[in-house]
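Per-entry structural report
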Amino acid sequence: MMLTGNQIRQSFLDFFAARGHTIVPSASLVPGGDSTLLFTNAGMVQFKDVFLGLETRPYTRAVDSQKCLRVSGKHNDLDTVGRDNTHHTFFEMLGNWSFGDYYKDEAIAWSWELLTKVWGLDPKRLYATIFEDEQGVLPRDNEAAEAWLRQPGFDPSHLITGDRHDNLWEMAETGPCGPCTEVHYDFGLDACNLQGVPGHVCQVNGDCTRIVEIWNNVFIQYNRVSPTEFLPLPKKHVDTGMGFERVVSIIQGVKGNYETDLLKPLLDETQRIAGQSDGERLANLTAYRVIADHVRAACFLMADGVIPGNIGRNYVCRMIIRRAARFARKIGLETPFMARVAAVVIANYGEAYPEVKRSEKLIAENFTREEQRFAETLDAGSLELNRLVEELKQTGKDTLTGADAFNLYATLGFPLEITRDILAEQALKVDEKGFFDAMEEHRLASGKGQAFGETANQNNEVYAQAVAYLVASGALPASGVSNDPYNQTILRSNLLAIFREGSKIDEAQPGDQVELLLKDTPFYVESGGQVTDTGRIVSDPEGNWEVQVYNTSKPTAGVILHHGKVISGQPKTGDNALAQVDFNRRQSIKRNHTATHLLQAMIREVLGHDAHQAGSAVDEERLRFDFNYPQALSKAQLLEIEAGVNRMILGDYQVIKRVESLDASKTKGAMALFGEKYGDMVRTIQVGDPALSYELCGGTHVDNSGEIGSFFVTGEMSVSAGMRRIEGVTSAGAYAFAREKLNLMNEAARSLNTSPAEVPQRLESLQSSLKDKEKEILLLQSKLAQAAFSAKMDALEEVNGVKYLTAVVPETSPNALRELVDQFRQKHPSALIALGSSTDGKPALIAAVSADLIARGLSAGELIKQLAATIGGGGGGRPDLAQAGGKDASKLKEALALVRSYIEDHLA
Ligand SMILES: [Zn+2]
Ligand SMILES: [Zn+2]
């Protein structure tokens, strides 16, 4: 009986569990604590700090299946996904890990046993590669070679040596590294895509598709301190990675990953929905594969809290759904259908990854909403892009400007990747750097700062490498750096290291921008949405030097850098130091953070438990909380939430902070945050007993809710489709907020000469009396115009037997002007009249021609057109009556002077 994908995954975990490995759950696709990485892209990510010696785990052997996503960068070109049978955005990576425990002998023996005995792969099809240094600096990996040759049934001619490029693994330019041994699988001559190419020989690490790598075992044994210097590591590690989809395709004996039971059902469901034949499916295989791959990836993203949006990770989620939607059009799918394909993903993966099952409803809703939104703009976007393509072709260019591509994205919802796809189909390109420049410019211009989920500190990577290197080489102590932001804000400590412009120095000078590493620190480092602490570090005893600290960062686990400026003196490595957090600022941050927890509790109470957290930000001035919810909140809901938070504050509930086991906290219903990396022991924050709020959280909090003082909602808005944001203030901020509103009210009352309580009534009566006055003014104006006109009414002129009157009357309304014309027509049944006037500085003209004169060839409509041109306007109307507006009131007289010549010219 054929093993299913789920059974194969489980057999891998079980195999290593039976050999003393702890089964570790996959980390989130959103890497916790690593601000340099957009998505988890390898099994290594969650264990990186363990290898760097900066973090320890309660086990030395681990096994896992890690969710990975690669959408850009050196590991993946999105364009290749769907075009062949092997590339993916989302995939799973199987791995077994030894942290200073077993080494090459066991790792290789177990690899062989699992592949050939448990999974029954044919030993004749397996090859192994081992490291041999072409530069002669490092020794050949004979241990691995000998281990392979000992395996029963292993063909010695299948042992291949590889160079640094193929068989030396490095984390970065310096730091931990070591040789690796790879297992390759021979799919047979049929799988070679270069058959018949003269001179082609199928070989391991060759250029055809016949023999491919399936499993990489990395042996971390060196610390590279310079390009040529490798020091042995005291503890050696094993890090392995096996592409899950590929090995499933081999075990199931199918041609490629999309034929496995992991992905094939998604293609089948798509075919059912599209109602296509097998032949049509084959002819459109790329579209089918893109849909399957992208829907699966978006499901896993949303399950990890990344819903479609405009920036950062959320953008990636939106982009892949829209890209799938565009390919779907090629097979006639124009209405939302992805929720149905997603249901197949959830059914297949829900057991191994419960988060997918838990988010079932959210996933379906987001797919449908995103497909609808994209459909609304797709036609307009395609039209505009076609126009731009035509323009490119006509001007003989082959690259769309970044500004145009950004405009397509910002106004028509075309992700860059889709624009690129469409252009590539016509052998055109897009200026991608220009796109990001335009995006940055737009962000600056629109005043939007850093968004959730975006890399906070660009320098972090530089320091991460520098510090990781120093720790690994022993120049810095990795242990002993302790961070306790919870129990004190002033701490005696010791200055372990000073950095300036990325280099370690021994002594800093006044005015220097520096990063300080302390042995112990009370400074909180930005995480979980809470901002970093600021403060100062001074010599102990105080007086010799002072550094103003305006930021902190954690470039790698266990290392906290204080970014600041030397105000006075010369801090030296080894000095005793006093670290002081800005106390008042910290207090405000604590109040806002605890209030954010209360806000979340009330949101869930009022809106229901589907409204779950998507992000939060807390600083000394305000708090904001983002959550998934489909529509704007009503005034009543907002008031209920605000009142509830204030009730919890006034209850003065105790805030209980505990460190407890992750399992225990989950049983008790603690709310964990998406994307956070939790250890086995977690910190929980509980407000009240029984709990009003109970969350996993590493932030700083007040001791009793009463300290928060009070809370006001200051704003409620949409962040992106399906995501709302509430902003609020507490304590001093709440006082300032209320004070400002009261001041405004008092000022309004003062200038209205009344009491604040009577302001609304007073405004109402003012408004109605203002309306009366306006009416009165209009009446007076028309009376004035009437009087002026009466005096002129009979001052008719005459040309060629046509009687006519022209006049500019005082400012009056168009209606009043029309009345004057009516009066004139009654009094003079055979005549022409043209009047000018203005309202609020804008000129207006009116003309009327009696029936007998129309019969003689005159027309009010024609006349008014000529006159209007003079006052910079336009107009028209019937032959008997016409009106026009314009811009320049000073030219009214000039315009009316044209009447005489008009009559002369047009009289029949
Ligand atoms: Zn070949
Ligand atoms: Zn929190």
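**Thoughts on the coordination of the zinc ion (ligand 2)**
- The zinc ion (ligand 2) binds to the protein through His593 (NE2), His597 (NE2) and Cys697 (SG); the donor distances cover 2.1 to 2.3 Å.
- Each donor residue of the zinc ion (ligand 2) belongs to the same chain, with the gaps between them written as H-x3-H-x99-C. Of this pair, His597 sits in helix α18 (residues 583–607) while Cys697 sits in the loop between β25 (693–696) and β26 (711–720), and the two are 100 residues apart along the sequence. Across the pair, exposure class does not vary: His597 and Cys697 are buried alike.

**Quick notes on the sheet that holds strand β33 (residues 881–885)**
- In spatial order, the strands read β28-β29-β30-β31-β33-β32; together these six strands make up an open sheet with mixed pairing. Each of the sheet's edge strands pairs with one partner strand only, and the pair in question is β28 (797–799) and β32 (874–877). This sheet shows a mean twist of 20° between the axes of neighbouring strands, independent of strand direction.
- Strand direction decides the pairing type here: strand β29 (residues 802–808) and strand β30 (residues 832–839), joined by five bridges, are parallel. From the neighbouring strand, Ala807 faces β30, where its bridge partner is Leu835.
- Against the sheet, helix α23 (residues 814–827) contacts β29, β30, β31 (842–849) and β33, and its axis sits at roughly 160° relative to β30.

**Quick look at the nonpolar core**
- Counting residues in each nonpolar core, the largest one holds 114 residues, and the members touching the most others are Phe12, Trp119 and Phe367.
- Per-element accounting of this core gives the leading share, 13 residues, to helix α9 (residues 285–303).
- In this view, Phe12 contacts Val63, Asp64, Leu94, Gly95, Asn96, Leu114, Trp119, Trp215 and Met242; residues no more than four positions away in its chain are not counted.
- Counting residues in hydrophobic clusters, the runner-up holds 28 residues, among them Leu623, Ile641, Met648 and Val655.

**Here's the deal with the coordination of the zinc ion (ligand 1)**
- Taken together, Cys192 (SG), His200 (NE2), Cys202 (SG) and Cys208 (SG) make up the full set of protein donors to the zinc ion (ligand 1), lying 2.1 to 2.4 Å away.
- The site at the zinc ion (ligand 1) holds four donor atoms, and with the angles between them running 101 to 116°, its shape is tetrahedral.
- Look at where the donors of the zinc ion (ligand 1) fall in the sequence and you get C-x7-H-x1-C-x5-C.
- A residue is classified by how much of its surface remains accessible, and Cys202, at 23% relative accessible area, is partly exposed.

**Topic: the pairing of strand β21 (residues 613–618)**
- The element β21 is extensively covered by neighbouring structure, given that five of its six residues are classed as buried.
- As consecutive antiparallel partners, β21 and strand β22 (residues 623–628) are separated by four residues.

**Digging into the packing of helix α22 (residues 759–792) against α23**
- Look at α22 against α23: their axes get within 10 Å of each other, and the N-to-C directions meet at 30°. With respect to each other, α22 and α23 are oriented roughly parallel. Every pair of crossing elements has a handedness; the one defined by α22 and α23 is right-handed. For the pair α22 and α23, contact is made by Ser782, Ala785, Gln786 and Phe789 and by Ala816, Leu820, Gln823 and Phe824, respectively.
- Counted by class, the contact of α22 with α23 contains five nonpolar, three polar and no charged residues.

Definitions and limits used
Residues numbered from 1 in each chain as written. Chains lettered and ligands numbered in written order. Predicted model: local features only at pLDDT ≥ 70, side-chain atom pairs only at ≥ 80, totals over all residues. Heavy atoms only, no water. Donors = N, O, S within 2.8 Å, 3.2 Å for Na, K, Ca; no water. Helix = DSSP H or I, 4+ residues; strand = E, 2+ residues; numbered from the N terminus. Buried < 20%, exposed > 50% of the residue type's maximum accessible area, 1.4 Å probe, protein only. Pairing = 2+ DSSP bridges. Axes fitted to C-alpha atoms, helices over the stretch in contact; angles between N-to-C directions. Contact = heavy atoms within 4.5 Å. Core = buried A, V, L, I, M, F, W, Y, C linked by side-chain atoms within 4.5 Å. Tetrahedral: all angles 85-135°; square planar, octahedral: opposite > 155°, others 65-115°. Parallel < 35°, antiparallel > 145°, perpendicular 65-115°, else oblique. Left-handed = near helix turned anticlockwise from the far one by under 90°. Nonpolar A, V, L, I, M, F, W, Y, C, P; charged D, E, K, R; others polar.

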